Amino acid sequence: MYIPIKKRIKDLALQNQKEEICGILYHTFDKAEMFPCKNIALNSSTDFEIDSQQYLECCKLGKPYGIYHSHPSGKAAFSESDLESANEILLPYYLYSIEDDKFLEYIPKNYELPVEGLNFIWGVYDCYELVRIYFRQKFNIYMNDYDRDETFESTDSNIIMENFEKEGFHNANSTTLIKKNDVLVFHSSRAYPQHFGIFLGTSKMLHHPLGSLSRIETITPNWQKRLQFVFRSNKPL
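Residues numbered from 1 in each chain as written. Predicted model: local features only at pLDDT ≥ 70, side-chain atom pairs only at ≥ 80, totals over all residues. Heavy atoms only, no water.

Our next topic: helix α4 (residues 127-139). With 13 residues, α4 extends 18 Å from end C-alpha to end C-alpha; this agrees with the ideal 18 Å at 1.5 Å per step. Counting buried positions over the 13 residues of α4 gives ten, a clear majority of the element. Cys-127, Tyr-128, Glu-129, Leu-130, Val-131, Arg-132, Ile-133, Tyr-134, Phe-135 and Arg-136 are the residues of α4 that are buried. Capping the start of α4, Asp-126 holds a side-chain oxygen 3.3 Å from the backbone nitrogen of Tyr-128, two or three residues further along. Trailing α4 by a residue or two, Asn-140 shows a phi angle of about 60°, which is positive. (Helix = DSSP H or I, 4+ residues; strand = E, 2+ residues; numbered from the N terminus. Expected span 1.5 Å × (residues − 1). Buried < 20%, exposed > 50% of the residue type's maximum accessible area, 1.4 Å probe, protein only. Polar contact = N/O pair within 3.5 Å; in protein donor to acceptor, adjacent residues only side chain to side chain.)

Here it is in structure tokens:
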């Protein structure tokens, strides 16, 4: 998730601990934004509701890609009404629990995105998020999200690499014997493995280059030189 957005949600929740804060996550052409909304639920301490007029106002600013809210008390867990609402409007829900100081994400089963033509937006649509979208929509494999922003590629953050096994993948220990649906990990501009793609077979890969649209591209000799790791799903695909 986009780090500045998470910080703002947490700050708002801590400033309003008597009720569930809520709002809409949206994006412009190249930036993630948030649209705080008034909670109009009858009991705002245990539930939330967003006015449809505010949703329309948000749509004038950009494209909604999620709904966020907080839980002032209780463990980090979506309520049944949260899940029903997310499945009804077909948008991901994000929850911040004050008690557990933890964020949760819920993505409806029928929520789908195109894998080609997405604008590059850190923490929303980027190279790792494209891997998540691909495996979720094609194989029903739900990978965890990890915090990212514009500093991700320029720092030596290893959080995604360190968690591939936790996500159900293993290192194939070969950059030449690649199979369809393998995750390709490339050196970034700083010679650090921070760029991800998916091998589609016949020398093609799906990836999301920095500052460009997500796309299918031929694996050129230059890409082959940059390839450092190959991760393969533990499940037969």
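Don't stop here, the text continues.
This paragraph deals with the environment of Asn-110. With respect to the secondary-structure elements, Asn-110 resides in the loop between β5 (102-106) and α4. In sequence terms Asn-110 and Gln-137 are 27 residues apart; their C-alpha atoms lie 8.9 Å from each other.

Turning to the pairing of strand β2 (residues 32-37), a few remarks are in order. In terms of strand pairing, strand β1 (residues 22-27) meets β2 through six bridges, oriented antiparallel. The residue bridging Gly-23 from the neighbouring strand is Pro-36, located in β2. The turn joining β1 and β2, which pair antiparallel and follow one another in sequence, is formed by four residues. (Pairing = 2+ DSSP bridges.)

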